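The chain contents come next:
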Amino acid sequence: MQKIILTGDRPTGKLHLGHYVGSLQNRVKLQESGKYDEIYLMIADAQALTDNFNNPQKVRDNVIEVALFYLACGIDPKKTTIFVQSQVPALTELTFYYMNLVTLSRLLRNPTVKNEVKLRGFEESIPSGFLNYPVSQTADITAFLATTVPVGEDQLPMIEQAREIVHAFNRIYGDTLVEPEAVLPDIKVARRLPSIDGKAKMSKSLGNCIYLDDSDAEITRKVMAMYTDPNHIKLTDPGKIEGNVVFTYLDIFCQDTDFPKYLPSYHNLDELKKHYQEGGLGDVTIKKFLANILIQIITPIREKRIELINNIDYVYEVLENGTKKANQKANQTLAKVKTAMGIDYFDNPKFKEEIKEKFQNNTTN
Ligand code: TRP
């Protein structure tokens, strides 16, 4: 069986370091692994509208932003098809048929939906489009016959839901759809990069995340504002590593080769941690070190993004061509689905034959 990847993001803002460690890096790795026959990367604007329907401009503006970050981080349109969800009508059509296979109570029980409903304050007035987005996500995945869906942990209930719908479809209409599997990013800690204030949620309005196009000065300013250990006041005080955002970031981003470059009096992170815990190592030293490491990661992304902005026709073409290709694939699947459901009246000569035969028999009676 072919190995096919589909994944995507809602275009609601610029991408940040959390996206980088949680998904972008992993997608580039999967792209370069050579293990996949087809890879689709979707800008999920239609899904973004399910909770931003009153702010379509935000979604529209961010379609190109997300595309820029994909390309700047190393997504290669020759290997990965980047496309825009709303421009693939087969996805909405599939969603409509899959809706028959899910109950309202099942959607209300979906832990991700439940959590998001709470976060958005929808309470008793949940837009039905929003509640239905796991079904639409199933359409996204199955339209490409995806076997593999790289996602963050929060999306696991979505994949579970997709598998249930695929099961139901295949049981009722015959074996047609492929059951997808989720893949989580490798490093456990990378799945949950904290914001600079140590809160779980990164958000634009709180200004607590580091964007992939932040300037060196912005990166430094944000790292200097990071939450560390509130009891580590004097230089000689012993410091805590747990819950210390600087060390959480160092755990994820620091490599041994960074020491000779930026902090040559230490050889590795264990040595640095030990000194911090014993006392005698100040926050400014570890913060400067981390800022250097992050600048080293973000600078090439920021520069590539500017290069792409100067060649925006190319980015537009990548999206347009990718969307064309995505339509071809999704239409093939939609045709199979409609045939399986027996609603392919004008695409399949069988229907005409059937009605002819039926009424020919009638008239001879
Ligand atoms: N729900 C994903 C997010 O919020 C985006 C998405 C839409 C997606 N459809 C998908 C992810 C299908 C994986 C597979 O980022």
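Predicted model only: the values in this text are computed from it and were never measured. (Residues numbered from 1 in each chain as written. Predicted model: local features only at pLDDT ≥ 70, side-chain atom pairs only at ≥ 80, totals over all residues. Heavy atoms only, no water.)

S.K.: I would appreciate a short explanation of helix H11 (residues 245-253) in the present structure.
M.R.: Counting buried positions over the nine residues of H11 gives eight, a clear majority of the element. The complete set of buried residues in H11 reads Val 245, Val 246, Phe 247, Thr 248, Tyr 249, Leu 250, Ile 252 and Phe 253. Where H11 is buried, its residues meet helix H1 (17-33), helix H12 (258-262), helix H13 (269-278) and helix H14 (283-309). You can read the cap of H11 off the contacts: a side-chain oxygen lies 3.1 Å from the backbone nitrogen of Val 246, and it is on Asn 244. (Buried < 20%, exposed > 50% of the residue type's maximum accessible area, 1.4 Å probe, protein only. Helix = DSSP H or I, 4+ residues; strand = E, 2+ residues; numbered from the N terminus. Contact = heavy atoms within 4.5 Å. Polar contact = N/O pair within 3.5 Å; in protein donor to acceptor, adjacent residues only side chain to side chain.)

S.K.: What is the right way to look at the domain arrangement of the chain in this model?
M.R.: When the parts of a complex come together, some accessible area is lost, and that lost area is often taken as the interface size. As far as domains go, the chain holds domain 1 (4-193 + 311-354) and domain 2 (216-308). The centre of domain 1, based on its C-alpha atoms, is set 36 Å off from the matching centre of domain 2. The junction of domain 1 with domain 2 conceals about 1300 Å² of combined surface from both sides, 79% of it contributed by carbon and sulfur atoms. Linking domain 1 to domain 2 there are one salt bridge. The salt bridge partner of Arg 305 is Glu 65, with a shortest N-O separation of 2.8 Å. Our enumeration of links across domain 1 and domain 2 arrives at four residue pairs in polar contact (both at pLDDT 80 or more). (Domains from an automatic or database assignment. Buried area = accessible area lost by both parts, 1.4 Å probe. Salt bridge = Lys/Arg side-chain N within 4 Å of Asp/Glu carboxyl O.)

S.K.: In this structure, what is going on with empty space enclosed by the protein? I would like to understand it.
M.R.: To find leftover empty space, one rolls a probe the size of a water molecule over the atoms. Applying the stated criterion across every chain yields a total of one cavity of 30 Å³ or more. By volume, the largest cavity is sized at about 60 Å³. Contributing to the lining of the largest cavity are Ile 5, Thr 7, Arg 27, Leu 30, Gln 31, Ile 39, Tyr 40, Leu 41, Ile 75, Thr 80 and Pro 150. Among the elements of the structure, strand E1 (4-9), H1 and strand E2 (38-43) are those that each provide at least two residues to the lining of the largest cavity. (1 Å grid on protein atoms, 1.4 Å probe; cavity = no way out; pocket = protein on both sides within 12 Å on 5 of 7 lines; lining within 4 Å. Points joined across faces, edges and corners; volume = space filled by probe spheres on them.)

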